[in-house]
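Listed here are the chains, written in short residue letters.
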Amino acid sequence: MSQILGVRSSAIALACLASARLLAAGFPSTEISNAQLRLTIYLPDARNGFYRASRFDWSGVIGDLEYKGHRYYGPWFSRVDPNVHDYTYEGEQVTASPCSAGTGPVEEFQTNGSALGWDEAKPGGTFIKIGVGVLRKDDKPYDFVRLYPVVDSGKWSVSKQADFVEFEQQLDDPAAGYGYAYRKVVRLIPGKPEMVLEHNLRNTGRRTIESTVYNHNFLVLDGQAPGPDFEISVPYQIQHGPRGRGPVEVRGNRIVYLKQIEGHEVGAISAPGFSASPSDNDIHIENRKVGAGMRITGDRPLANLSLWSIKTTLAVEPTIRMKIEPGGEFQWRISYTYYVK
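Analysis parameters
- Residues numbered from 1 in each chain as written.
- Predicted model: local features only at pLDDT ≥ 70, side-chain atom pairs only at ≥ 80, totals over all residues.
- Heavy atoms only, no water.
- Pairing = 2+ DSSP bridges.
- Helix = DSSP H or I, 4+ residues; strand = E, 2+ residues; numbered from the N terminus.
- Axes fitted to C-alpha atoms, helices over the stretch in contact; angles between N-to-C directions.
- Core = buried A, V, L, I, M, F, W, Y, C linked by side-chain atoms within 4.5 Å.
- Buried < 20%, exposed > 50% of the residue type's maximum accessible area, 1.4 Å probe, protein only.
- Contact = heavy atoms within 4.5 Å.

Caption draft 1: Local environment of the sheet that holds strand 3 (residues 61–67). Read from one edge to the other, the open sheet built from four strands follows the order 1-2-3-4, with strand pairing classed as antiparallel. Sheet topology places strand 1 (29–33) and strand 4 (70–73) at the edges, where each strand pairs with a single neighbour. Strand-to-strand, the axes of this sheet are offset by a mean angle of 20°, without reference to chain direction. Here strand 1 runs beside strand 2 (residues 38–42); their pairing, made up of five bridges, is antiparallel. Its bridge partner lying in strand 2, T30 is registered against I41.

Caption draft 2: Seen up close, the nonpolar core. Core analysis: the largest hydrophobic core is formed by 92 residues, its most contacted members being L39, Y72, Y73, M195, I285, W332 and Y338. By residue number, the principal contributor to this core is strand 25 (residues 313–324), which donates six residues. When residues no more than four places from it in sequence are discounted, the contact partners of W332 are E107, F109, Y182, L197, E198, H199, L201, V213, D299, R300, I320 and M322.

Caption draft 3: Structural view of unusual backbone geometry. Although it is not a glycine, D86 sits at a positive phi angle of roughly 70°. When you line up the elements, D86 lands in the loop between strand 5 (79–80) and strand 6 (87–90). Unlike most non-glycine residues, N112 shows phi in positive territory, near 50°. Within the fold, N112 resides in the loop between strand 8 (107–110) and strand 9 (126–129).

Caption draft 4: The sheet that holds strand 13 (residues 164–173), seen in detail. Strand order in the open sheet formed by ten strands is 12-13-14-15-26-23-22-18-20-19, with antiparallel pairing between adjacent strands. Looking at strand neighbours, the two that pair on one side only are strand 12 (155–161) and strand 19 (248–251), the edges of this open sheet. Strand-to-strand twist of the sheet, defined as the mean angle between neighbouring strand axes without regard to direction, takes the value 15°. Alignment of strand 19 against strand 20 (residues 254–257), held across four bridges, turns out to be antiparallel. By the bridge assignment for strand 20, V248 is matched with Y257.

Caption draft 5: Layout of the pairing of strand 3. Within strand 3, six of the seven residues are buried, leaving the element largely enclosed by the surrounding structure. Where strand 2 and strand 3 come together, five bridges link them in antiparallel fashion. Paired with I41 across the bridge in strand 3 is I62. Sheet analysis places strand 3 next to strand 4, joined by three bridges and oriented antiparallel. Across the sheet, the residue bridging to E66 is R71, located in strand 4.

Just distances and angles here, no functional claims.
Given below as structure tokens:
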């Protein structure tokens, strides 16, 4: 019976992936490639963009990445509904809120569990989500999946070559005292199945920018539902109790699934135990059934690492921390290497 359910969950995930291809069509995008990889990347667009909500960075949203016949990224939902909080299910299909409807390695900036300037702003005032813009605060507690009005998305510019896309956003909120120049490059390494995300954030305001940023890394590898065919490993011993939420377990430096994610199940766990060295910011994800995997490495120390997954996506989320004085800047780099066995 468990094998039948597993096949059914994978079929659901594949169906979601197929319908999501249609969902994603028609938005402003561009393609880059090298001898190994081909990517579709959505472009920031406040009116017509694929992602224009108030949670994730608008730049570098990857709608598709293929390597040797394996598809790594794409929508993990079939529909977007502004009345949904985070995500929900309609029958066996997943419906996402606008804020959560990101794809691929999307990033979110947070400050003290909320956003830059949130604590100081009064209801009706403004606060900042880096990579999004100046947002309007309401009179409720902060909620990262609430759709906040975008008052000013800043000035975006995009430049492209065959194997990279460069995004730049300039933003200034004089009332809050924050301003920045943000540059992000999605680059393919010549002749290798490797993608690099290069970042530079320069503080152009009068106030210090203190923030974390994590990458959600929505993986939809060949539509495979998260389960025992997947294995996740890091270079350190994970200091967590053996079980997480749902059928997820820690075994030394590995996170494994005890069964396939089905129905409305969530598989989630945190993975503390990392050192202050960037060498621990190194994640391997592999699926033995399809014989494909990936390695994610960052050049900054981890501030947190966690896993979140439902039947249509697996997301390993590394977080880093930054503090940028006025006039200063902060750089970081994330590398993705894709492989087949």
